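Listed below, chain by chain, are the residues.
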Amino acid sequence: MSSIGTGYDLSVTTFSPDGRVFQIEYAAKAVDNSGTVVGIKCKDGIVIGVEKLIASKMMLPGSNRRIHSVHRHSGMGVAGLAADGRQIVARAKSEAHNYESTYGEPIPVKELAERVASYVHLCTLYWWLRPFGSGVILGGYDRDGPQLYMVEPSGVSYRYYGAAIGKGRQAAKTEIEKLKLSEMTCRQGVIEVAKIIYGVHDEAKDKTFELEMSWVCDESNRQHQKVPEALLEEAKAAAQAALEEMDAD
Amino acid sequence: MDRDATADVNAPHSMGTTIIGVTYNGGVILGADSRTSTGLYVANRASDKITQLTDNVYICRSGSAADSQIVSDYVRYFLHQHTIQLGQPATVKVAANLVRLLAYNNKNMLQTGIIVGGWDKYEGGKIYGIPLGGTILEQPFAIGGSGSSYLYGFFDQAWKEGMTKEEAEQLVVKAVSLAIARDGASGGVVRTVTINSEGVTRNFYPGDQLPLWHDEVEAHNSLLDILNASNPEPMST
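Description of the structure in this document. Keep in mind it's a predicted model, so treat the numbers as computed, not measured. (Residues numbered from 1 in each chain as written. Chains lettered and ligands numbered in written order. Predicted model: local features only at pLDDT ≥ 70, side-chain atom pairs only at ≥ 80, totals over all residues. Heavy atoms only, no water.)

1. A closer look at the sheet that holds strand β5 (residues 134-142) of chain A
Strands belonging to one sheet form pairs held by backbone hydrogen bonds; the direction of such a pair is parallel or antiparallel.
All names here are of chain A.
And step 1. One open sheet accounts for five strands, arranged β3-β4-β5-β6-β7; its pairing is antiparallel. The outermost strands of the open sheet, each flanked by one partner alone, are β3 (67-71) and β7 (157-160). Each strand of the sheet is rotated relative to its neighbour by a mean of 25°, with strand direction disregarded.
And step 2. Of the strand pairs in this sheet, β3 and strand β4 (residues 74-80) are connected by four bridges, and their pairing is antiparallel. What sits directly across from H71, in β4, is S74.
And step 3. Its contacts with the sheet put helix α2 (residues 82-103) on β3, β4 and β5, and the angle it makes with β3 is roughly 20°.
And step 4. The strands touched by helix α3 (residues 109-122) are β3, β4, β5, β6 (145-151) and β7; relative to β6, the strand with the most contacts, the crossing angle is about 10°. (Pairing = 2+ DSSP bridges. Helix = DSSP H or I, 4+ residues; strand = E, 2+ residues; numbered from the N terminus. Axes fitted to C-alpha atoms, helices over the stretch in contact; angles between N-to-C directions. Contact = heavy atoms within 4.5 Å.)

Here's what the structure looks like:
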C-alpha cells in the first residue's frame, strides 16, 4: 500500500492526516530494495543467511560483510544502507559490552533486541536526525535458548521463528513457512537457508551474488560464527542442485 | 580499668559480627548474630543483619552499619529496575555483581564485608562472598565479620557438600554460636534465612537457648528475683 505523501513527507516529525509518518516508510523502502536477509530459529540454534549482491567484479570475495557478531552468543544480519547498518551493529556491541560490565552476565538476547530497537526508534523522534535506512535480523543463544528478533527502521522489534527482509522477502517468507523448524537442526537449517536465498535471487534483474551465512547453535558451542567452510560449500551445492531441478521442470 | 566505663556513644556504629552463608542441596542458608556496637557499647543487641534485596536474594552485612545499609539500598534499587526491564527475577550473580561494583569502585570510602546469597531458576542456590576490597568470589560457603576468624578451622572440619536443609541449618546455628562465644563483638541472637525454590523462611534462635561452650557459665537472671519469689525465706548462715 504505497502512496506519495505530498507535503507530509518532508520531516520525520510530521504525521500525515491518515496517521502515517512517511519518512519512516521511505526508510523502510531502502531496506526493501537491498539484498535479501533470512533468519530462522531451529530447535538447537539460529541460522542467518544473506544474499550479498556484488557491486563490482573487482571486489574481493568475503569483503563487505553483511553479518556481524555482536557478542560471543549473538550476531546480526544487516539489510539496507550499509553505513547505517554499521552504526546499528556498533551500538549493539556497545550495549552488550556495557550490560556485561554492569551485571556480570552476557546480555539476554531479548534485552539486546529491546535496546537496539530503542536506539533505532530514537532516530525517528527528532527532526534533526534521519531514520536508519537499514533493518537487522538479530539471532542469539542465551540461557533461555535460541531466539530470533527482527528490528525495522521504525524501531519496531518482534521475536520470530523465521524472518526475511530485503528484495526477496515475500518469496523467502513463503518458503520459510513451508519448513518444519521445530524439528530441524541447524545443520539442516543451513542447507534450507541456502536453498531459499538461491531460490529468491532474481538472475535477470540483479547482478551476481555471494552467499554469506552464520549460525549460533549447540554445534558451534553457542558461539556466533561463520558457518564452517565445508558445510557452506555443501549448502551451496545443494542449493544449486535444487535450482536446476526447478528449472528442469 | 577506668577506660572501660566510658564508652563513646557517638562512635560510628559497627557490626563486629559473625555472618555465614552456606549452600545446601536445594538452596542456601544465611546466618548472622545480632550485635551492633558503638565502641564498647552495644547499640543494638537484636539487630537484623540479613537484609532483603529481592524476593529471591538476601545479603548478610558486616563492618560499618551505615556503609552496608547504603550499599544494600542502592543495590535493591538497581535490582528493582533491572527486574522490571528483564521481566523476570534477577539472578543471584547479577545481584552479587552490582554489590561488587559498588564495593570496588568506592573502596576508599567503604568499610563493609558482604555475603550475597539466594536462589534463581538457572543456577539454583548460590553464595557469593564480597570482602573489603571488592573482590567477588562464588563459594559453596562463605564466612565473614570479626567472629569468622574463629570459624575457619571449624568449617574445614564440619563442612560437607550436598547437605540437607536441616543439616545445613544446624551447622549455621552451631557456627554462629561458637563465634559468639569467642568474639566479643558478636552476640545476641542467631537469625537465619533459608532461600530455595519454594521461597524464603526466617528463623530465630534466642541467645539464651544457644548451647554453652567450653567454660561458658549459665545465664543468670537478676538476683532480685530471689526477693520477688513466692516465699522469700531469709538466707540462713
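Structure's up, so let's keep going.
2. A look at helix α5 (residues 186-200) of chain A
Residue and element names in this part refer to chain A.
And step 1. A rise of 1.5 Å per residue sets the reference length of α5, with its 15 residues, at 21 Å; its end C-alpha atoms lie 21 Å apart and thus fit the reference within 8%.
And step 2. Listing the buried residues of α5 in full gives C186, G189, V190, I191, V193, A194, I196, I197, Y198 and V200.
And step 3. Taken together, the buried residues of α5 touch β1 (37-42), β2 (45-53), α4 (169-178), β9 (209-217) and α6 (229-248). (Expected span 1.5 Å × (residues − 1). Buried < 20%, exposed > 50% of the residue type's maximum accessible area, 1.4 Å probe, protein only.)

3. Focus on the sheet that holds β1(A)
Residue and element names in this part refer to chain A.
And step 1. Across the sheet, five strands lie side by side as β8-β1-β2-β9-β10; this open sheet has antiparallel pairing. Strands with a single pairing partner mark the edges of an open sheet, and in this sheet they are β8 (162-165) and β10 (225-226).
And step 2. Against the sheet, α4 touches β1 and β8, its axis set at about 165° to β8.
And step 3. Sitting on the sheet, α5 is in contact with β1, β2 and β9, with an inclination near 155° to β9.

4. Some words on the interface of chain A and chain B
And step 1. On the chain B side, the residues contacting the 13 residues of chain A number 11 residues.
And step 2. Summed over both sides, the interface of chain A with chain B buries roughly 1,000 Å², with 48% coming from carbon and sulfur.
And step 3. The largest share of the area that chain A buries against chain B comes from Y103(A), E111(A) and R143(A), three residues that together contribute 46% of it.
And step 4. The interface formed by chain A and chain B includes zero salt bridges.
And step 5. Joining chain A to chain B, the criterion identifies three residue pairs in polar contact (both at pLDDT 80 or more).
And step 6. Looking at the side of chain A that touches chain B, the elements that each hand over two or more residues are α2 and α3 of chain A.
And step 7. In terms of residue class, the side of chain A that touches chain B is made up of three nonpolar, three polar and seven charged. (Buried area = accessible area lost by both parts, 1.4 Å probe. Salt bridge = Lys/Arg side-chain N within 4 Å of Asp/Glu carboxyl O. Polar contact = N/O pair within 3.5 Å; in protein donor to acceptor, adjacent residues only side chain to side chain. Nonpolar A, V, L, I, M, F, W, Y, C, P; charged D, E, K, R; others polar.)

5. Examining the environment of K126(B)
Residue and element names in this part refer to chain B.
And step 1. Relative to the helices and strands, K126 resides in strand β9 (residues 124-130).
And step 2. With 105 residues separating them in the primary sequence, K126 and G21 have C-alpha atoms 9.2 Å apart.
And step 3. Every residue in contact with K126, bar those within four places of it in the chain, is listed here: T23, V28, V92, V116, G117, G118 and E138.

6. Some words on the packing of aromatic side chains
And step 1. Evaluation of the coordinates by the stated rule reveals 11 aromatic pairs over all chains.
And step 2. With 5.5 Å between their ring centres and 50° between their planes, Y119(A) and F132(A) make a pair best called tilted. On the criterion of sequence distance, the pair formed by Y119(A) in helix α3 and F132(A) in the loop between α3 and β5 is long-range, its members being 13 residues apart. The same class applies to Y119(A) as to F132(A), namely buried.
And step 3. Between the aromatic rings of W127(A) and W128(A), the centroid separation amounts to 5.9 Å while the plane-to-plane angle is 85°, which identifies the pairing as edge-to-face. The pair formed by W127(A) and W128(A) is uniform in burial state, with each residue classed as exposed.
And step 4. Among the aromatic residues, those joined into a ring-pair cluster are F141(B), F154(B), F155(B) and W159(B). (Phe/Tyr/Trp six-rings, centres within 6.5 Å; stacked < 30°, edge-to-face > 60°.)

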